[in-house]
Amino acid sequence: MKTPATSRCNLVSPLLLVFVCLFAGTGDAQDRRTQTQDAGSSSMRQSISEAEREHIISDYGKLKDEYVKSLKEIEELKKQLDGLKRAGELKQGAAPKTDDERMFQAVTWFEVGYRHSLKNEYDEAIVEYTKAILTHPGMAEAYNNRGIAYKNNGRTDLAIKDYDAAIAINQDYADAYNNRGITYAQTGKRDLALRDYTKAIALRPGFSEAYSNRGDIFYAAGQFDAALKDFNKAVEFKPDHALAYNKRGGAYVSVGDYKSAVNDFTRAVELKPDYDTAYYNRGLAHDTNGMTDLAAADYGNAIELNPGNTAAYNNRGAAYNDRGLYDRAIEDFNKVISLNPRHPYAFNNRGLAYAMKGNYDKAIEDYNGAVFLNPTDAALYVNRANAYKKKGLMQLAVEDYNRAVSLNKNFVEAFNNRGDIFYSSGDFDRAIEDFTKVAALNPKHPFAFNNRGMAFAAKGKFDKAIEDYGRAIGLNAKNAAAYMSRGSAFDSKGMLDKAISDYNSAISIKGDYTEAYYNRGIAYYKKGAKDKAVADFKKACGLGADYGCENAKALGEGR
């Protein structure tokens, strides 16, 4: 999970005060297990960074479109201004003759540009800053602010040139270094961004925004400790820095410190009550920590503040799924799809909800939509395969598992579930191949060894089966199914005392284990312990097994 990519840029006011500009803001009797219907669902929630990135992309797209329309007009005006300058005249009268007059005229245009910047009127701001620069070429602040306007209009190349000019004029200009770092980061040049943020901090040791921005770079590189140190500095130097608390909360989530993360997100919304992203992020922190009720509430807060937040609807729906509130989940996924008909995971997650309600036809329909929109996500095929499997459409299920493993050769559950189908169809060799793959990919998988043991047993290879059941028990000493299965394998080899011992273990773990009572009865009967056999058959009978009743009756001991 990444923290929001939002950074801060410093716009210089006419009085050289700092104006902070925000630019942007997931069996049968022997307990042969398969993966549940939510295969891959953990990847279907949207992360912190995605929640805000959508807005960033949207905002910049709009700004860029507007800028392109007026670009020719701006360039023409610049040419006209150059011509006026060469002619010794300016639109507002005779050209100033003294440095003071030129500075006064430049500041006048700078002030107009600044007011446009405050209203996000970047095209107009660029024009006025350009006038100021032409009148007084040494005005570093005008280059800095025009750089911000260019950046916000999507012209990062021109922004970099203006920051370069500002720094050339004033090599100690911390704001320009910070702003150039933001633009480098935006264009993927993180090394250059890191260099500029570090320089800005060296020039201004209490520069909260620069620490916050450098923390973003460390976070993106997976250097969470370094990121936390910078976010700590950001809030130390600016205790009301809501964005820095939000970012630090994301870093805490990444290192598993959910309590600290929640505290930071809470602080962010205290400082900025309309901060929908912080509510969303706190929801995700609760969600990741398994507190789905609290998560759903915070996603709701984010939605209330920003009704178009598809990520919040999607994640709240996923939280409802986890809590078994499938109808409410479906409502949220419906909303996501109405807002964004090309959201693959809303279709997938709605499919999961339908599957948990037992409506596999609707689930498959939604999985079809998800696969169409994102044909390279292996988890989507596994989910659809699981639904096919529930409907008994085994060939279609196998085809989807095949697609999943072709896309992700390490997809454990795809191999495990496909192996289960092979086992059920009597293709034990292919089942063993798949379960072997599962064991190799995840030696601690809870079902791989038990499942492979059953396949070996079905082929009459009881020694190999016993070995695998032992491994399963080694991984989980409370695995009643593995004890039961190993007992059956010992029984098949005539090792009745070991079989009875394993059946005892299975029953001690699961007191109502019908099959274990029945099988122990068979073992006792083989040993000639008729009374004990009858007692076990009667116990199985009492648990609802007709075959237990029949055996007890056959031995002369009816119900």
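Residues numbered from 1 in each chain as written. Predicted model: local features only at pLDDT ≥ 70, side-chain atom pairs only at ≥ 80, totals over all residues. Heavy atoms only, no water.

Caption draft 1: Examining the confidence of the model for the protein more closely. When pLDDT is averaged across the protein, the result is 85; 83% of the residues are at 70 or more. Per-residue pLDDT stays below 50 along residues 11-43; that stretch engages in 109 contacts with residues further than four places along the chain or on separate chains. Of the regions scoring below 50 in pLDDT, residues 49-78 engages in 43 contacts with residues more than four places distant in sequence or in other chains. (pLDDT = per-residue confidence, 0-100. Contact = heavy atoms within 4.5 Å.)

Caption draft 2: Layout of unusual backbone geometry. The phi torsion at Asn120 lies on the positive side, around 60°, for a residue other than glycine. Structurally, Asn120 is set in the loop between helix 2 (99-118) and helix 3 (122-135). Look at Asn120 and you get partly exposed, because its relative accessible area is 49%. (Helix = DSSP H or I, 4+ residues; strand = E, 2+ residues; numbered from the N terminus. Buried < 20%, exposed > 50% of the residue type's maximum accessible area, 1.4 Å probe, protein only.)

Caption draft 3: Here's a closer look at the packing of helix 9 (residues 224-237) against helix 10 (residues 242-254). Between helix 9 and helix 10, the shortest axis-to-axis distance is 9 Å and the interhelical angle comes to 155°. What the angle tells us is that helix 9 and helix 10 run roughly antiparallel. When the axes of helix 9 and helix 10 are compared, the crossing they make is left-handed. Counted together, Phe224, Leu228, Phe231, Asn232, Ala234 and Val235 of helix 9 and Ala244, Tyr245, Lys247, Arg248, Ala251, Tyr252 and Ser254 of helix 10 form the full contact between these two elements. Counted by class, the contact of helix 9 with helix 10 contains 9 nonpolar, 2 polar and 2 charged residues. (Axes fitted to C-alpha atoms, helices over the stretch in contact; angles between N-to-C directions. Parallel < 35°, antiparallel > 145°, perpendicular 65-115°, else oblique. Left-handed = near helix turned anticlockwise from the far one by under 90°. Nonpolar A, V, L, I, M, F, W, Y, C, P; charged D, E, K, R; others polar.)

Caption draft 4: Representation of the state of the cysteines. Enumeration over the complete set of coordinates arrives at 1 disulfide. The residue that forms a disulfide with Cys541 is Cys549, at a sulfur-sulfur distance of 2.0 Å. Classification of the bridge connecting Cys541 and Cys549 rests on its S-S torsion, roughly 90°, and on that basis the disulfide is right-handed. Of the residues examined, Cys549 reaches a relative accessible area of 10% and is grouped as buried. (Disulfide = S-S within 2.5 Å.)

Caption draft 5: Focus on the packing of helix 7 (residues 190-203) against helix 8 (residues 208-220). Two elements in contact, helix 7 and helix 8, have axes whose closest approach is 9 Å; the angle formed by their N-to-C orientations is 150°. In terms of their interaxial angle, helix 7 and helix 8 are classed as roughly antiparallel. Handedness of the helix 7/helix 8 crossing: left-handed. Between helix 7, through Arg190, Ala193, Leu194, Tyr197, Thr198, Ala200 and Ile201, and helix 8, the contact on the second element is made entirely by Ala210, Tyr211, Asn213, Arg214, Ile217, Phe218 and Ala220.

Caption draft 6: Spotlight on helix 6 (residues 174-186). In this model, helix 6 (13 residues) spans 19 Å end to end at C-alpha, consistent with the 18 Å of a helix rising 1.5 Å per residue. Counted residue by residue, helix 6 has 11 buried out of 13 residues, so it is predominantly covered. Listing the buried residues of helix 6 in full gives Ala174, Asp175, Ala176, Tyr177, Asn178, Asn179, Arg180, Gly181, Ile182, Thr183 and Tyr184. Gly188, located one to two residues past helix 6, shows a positive phi value of around 85°. (Expected span 1.5 Å × (residues − 1).)

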